[in-house]
Amino acid sequence: MLQWLHKLASPKIFYNLASRLIPWFGWSTLLLLVYGLYGGLIEAPADYQQGDSFRIMYIHVPAAWMSMFIYLVIAFHSAVFLIWKITISDILARVSALIGASFTFIALVTGCLWGKPMWGTYWIWDARLTSELLLLFIYLGYMGLGSAIEDRRVAARACALLAIVCVVIIPIIHYSVIWWNTLHQGSSVSVMNKSAIDTSMLIPLLVMAIAFKLFYVLVVLMRARTELLFQERKTNWVRKLIQEK
Amino acid sequence: MHPVRKQRLILISSLVIGVAIAVGFMLMALGENLNAFYSPTQVQAGEAPGDHTFRVGGMVADESVVHDEKNLDVTFQVTDRLNTTTVKYTGILPDLFREGQGILAEGKLDEKGVFIASRVLAKHDENYMPPEVSEALKAAQDIKKYKQNQ
């Protein structure tokens, strides 16, 4: 297993594997996205209280999950990079940041749009909303720091350290609705207990969540491939690859 | 594991733990201030800042909503099942506002202990279900109530 992981960390092998995986992830993302959107926007019944407005959750909830999941991926790869000095990990962390920031932004905007008709306000400074906004700023700070430092090796270490320090925001976001009184509701979907959401509405939500995850992997692979080629532009295997094309 | 890597692993782990503890203490110190609202019990106990604007949250008590016939004035009770706070509000209420609904009211206490709200927000809970399911649940509750009354 370790040896296999070590092999995967070689830029050339990673590049080839990514190239082969991209079409698979592309098609499965598209399929699940179409199915999830149809199920969520058309097939699922309207909510007893919110009517059709609840359907925004099919974007909002998966996006919010992704915003936290991607941050954990970045923190994990940052730690791997700092400990084992694996270049691929640095690249995976770096290319994930923009995707994570985008999902955070989507979660915030869809939440605001839902909040106005349901709560009666676009925004409230409660613990959940504030901590999620903080996560967006952390993403932006991480990206800003990365591009502010010329030397890539210095930048990679600084960014990795920042990502690891800021990982405490993730449990705060997750537990904010439990630790404090918030206007934001508690989570409807639970692994351990019965979900507080009807099955007919839950299935499209889970499909959308998987679709978003696959989409993330797809975009990460595409961006990592480009980044890898650029960073390895002076090596033999990249030269050969260019000549072949 | 290589000793240098092991050292780095320990360094990073202790960094994460250290930051977590520091942030934990910070959040504990901030404590109640991070709450978006006070419950009627806290208001009763005088924990809410009496002379400032604050929010009170809870359920709208059953059969407590009184609309003024001439204008938009409305009075209702907010309850957390232990205590209640009377809220006065002038304006349009959110769509989800009804008896039994969780709400947040923003405003100040007057000298009589009545909460004068400048804004009322509906708090949505985590339950999502189709109308049929909700009606079935309600019917089941009505039957229960009916049996209890007999």
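None of these values were measured; they are calculated from a predicted model.

J.: Hey, could you run me through the overall build of chain A in this one?
T.: Along its length, chain A carries nine helices and zero strands. Helices and strands appear in chain A in the N-to-C order α-α-α-α-α-α-α-α-α. Summarising its shape, the C-alpha atoms of chain A cover approximately 65 × 35 × 30 Å along the three principal directions. Evaluated residue by residue, chain A yields a buried proportion of 40% over its 245 residues.

J.: Help me understand the interface of chain A and chain B in this model?
T.: How big an interface is tends to be reported as the loss of accessible area on association of its parts. Counting residues at the interface gives 35 residues for chain A and 32 residues for chain B. When residues in the side of chain A that touches chain B are grouped by element, the largest group, four residues, is from helix H3 (residues 57-84) of chain A.

J.: Would you explain the environment of Ala156(A) in this entry?
T.: Residue and element names in this part refer to chain A. Tracing the backbone shows alanine 156 in helix H6 (residues 152-165). Judged by C-beta crowding, with 22 C-beta atoms within 10 Å, alanine 156 ranks as buried. The spatial distance from the C-alpha of alanine 156 to the C-alpha of serine 78 is 8.5 Å, given a sequence separation of 78 residues. Beyond its immediate chain neighbours, meaning those up to four positions away, alanine 156 contacts Phe81 and Asp90.

J.: Sorry if this is basic, but what is going on with the domain arrangement of chain B here?
T.: Splitting chain B by domain gives domain 1 (3-33) and domain 2 (36-122). Its C-alpha centre places domain 1 of chain B at a distance of 40 Å from the equivalent point of domain 2 of chain B.

J.: Looking at this structure, I do not really get the confidence of the model for chain A. What am I missing?
T.: Atom-level detail of predicted coordinates should not be read off regions where pLDDT is low. With 99% of its residues at a pLDDT of 70 or more, chain A has an overall mean of 91. Predicted confidence in chain A is weakest over helix H1 (residues 2-8) of chain A, with a mean pLDDT of 77, and strongest over H3(A), with 96.

J.: Quick question: what am I supposed to make of the nonpolar core here?
T.: For soluble globular proteins, nonpolar side chains are generally found buried alongside one another. In terms of nonpolar packing, the biggest core is built from 64 residues, with Ile70(A), Ile74(A), Ala160(A), Ala163(A) and Phe212(A) touching the most fellow members. When residues of this core are traced back to their parent elements, those giving at least two are helix H2 (11-43), H3, helix H4 (87-118), helix H5 (127-148), H6, helix H7 (169-179) and helix H8 (199-231) of chain A. The element that contributes the greatest number of residues to this core is H3(A), accounting for 17 residues. Not counting chain neighbours up to four residues away, the residues in contact with Ile74(A) comprise Ala93(A), Ser96(A), Ala97(A), Gly100(A) and Ala163(A). Listed in part, the 30 residues of the second largest apolar core include Met118(A), Trp119(A), Ile124(A) and Ile103(B).

J.: How do you make sense of unusual backbone geometry when you look at a structure like this?
T.: One can expect most non-glycine residues to show negative phi and most peptide bonds to be in trans. Within the chain, Lys85(A) stands out as a residue other than glycine whose phi angle is a positive 55°. Exposure remark for Lys85(A): the 16 C-beta atoms within 10 Å place this residue in the partly exposed category. Located in the positive-phi region is Arg81(B), a residue other than glycine, with phi close to 75°. Mapped onto the elements of the fold, Arg81(B) is located in the loop between strand E3 (73-79) and strand E4 (84-90). Accessibility expressed as a C-beta count within 10 Å gives 11 for Arg81(B), which makes it exposed.

J.: Whenever I open this one, the pairing of E4(B) confuses me. Can you help?
T.: Consecutive side chains along a regular strand alternate between the two faces of the sheet. All names here are of chain B. Residues of E4 alternate between two faces, with Thr85, Val87 and Tyr89 buried on one and Thr84, Thr86, Lys88 and Thr90 left unburied on the opposite face. Where E3 meets E4, seven bridges bridge the pair, whose relative direction is antiparallel. What sits directly across from valine 74, in E4, is tyrosine 89. Connecting E3 to the next strand, E4, in antiparallel fashion are four residues, including arginine 81 with a positive phi near 75°. Note that E4 and strand E6 (residues 115-122) share three bridges and pair parallel. Counterpart to lysine 88 in the pairing with E6 is isoleucine 116.

J.: Help me understand the pairing of strand E5 (residues 102-109) of chain B, please; the structure alone is not making it clear to me.
T.: Residue and element names in this part refer to chain B. Both strand E1 (residues 54-60) and E5 contribute to a ladder of six bridges, which runs antiparallel. What sits directly across from glycine 58, in E5, is isoleucine 103. The sheet contact formed by E5 and E6 spans seven bridges and is antiparallel. Across the sheet, leucine 109 pairs through a bridge with phenylalanine 115, a residue of E6. Counting the residues between successive antiparallel strands, the hairpin from E5 to E6 contains five residues, one of them, glycine 113, with a positive phi of roughly 85°.

J.: Looking at this model, I keep getting lost on the environment of Thr182(A). Mind explaining?
T.: Tracing the backbone shows Thr182(A) in the loop between H7 and H8. A tally of 24 C-beta atoms within 10 Å means that Thr182(A) is categorised as buried. Between the C-alpha atom of Thr182(A) and that of Leu129(A), which follows or precedes it by 53 residues, the distance is 8.8 Å. Leave out the neighbours within four places in its chain, and Thr182(A) touches Asp126(A), Ala127(A), Arg128(A), Ser176(A), Val177(A) and Ala36(B).

J.: Could you clarify how one ought to interpret helix H1 (residues 3-30) of chain B in this entry?
T.: Given 3.6 residues to a turn, an α-helix orients residues that are three or four positions apart in the same direction. Residues and elements named next belong to chain B. For H1, which comprises 28 residues, the first-to-last C-alpha distance of 40 Å matches the rise-based estimate of 40 Å (1.5 Å per residue) to within 8%. Buried residues are scarce in H1, accounting for zero of its 28 residues. Once H1 finishes, glycine 31 follows within two positions and takes phi at roughly 45°, a positive value.

J.: Where do I start with H4(A) in this structure?
T.: All names here are of chain A. With 32 residues, H4 ought to run about 46 Å at 1.5 Å a step, and its terminal C-alpha atoms sit 46 Å apart, in line with that. Of all the bends in H4, the greatest, near 30°, is centred on alanine 97. Positive phi appears at glycine 120, one or two residues downstream of H4, with a value of about 105°.

Analysis parameters
- Residues numbered from 1 in each chain as written.
- Chains lettered and ligands numbered in written order.
- Predicted model: local features only at pLDDT ≥ 70, side-chain atom pairs only at ≥ 80, totals over all residues.
- Helix = DSSP H or I, 4+ residues; strand = E, 2+ residues; numbered from the N terminus.
- Buried ≥ 20, exposed ≤ 12 C-beta atoms within 10 Å, placed from the backbone.
- Contact = placed C-beta atoms within 7 Å.
- Domains from an automatic or database assignment.
- pLDDT = per-residue confidence, 0-100.
- Core = buried A, V, L, I, M, F, W, Y, C linked by C-beta atoms within 7 Å.
- Pairing = 2+ DSSP bridges.
- Expected span 1.5 Å × (residues − 1).
- Bend = angle between axes of the 7 residues up to and from the residue.

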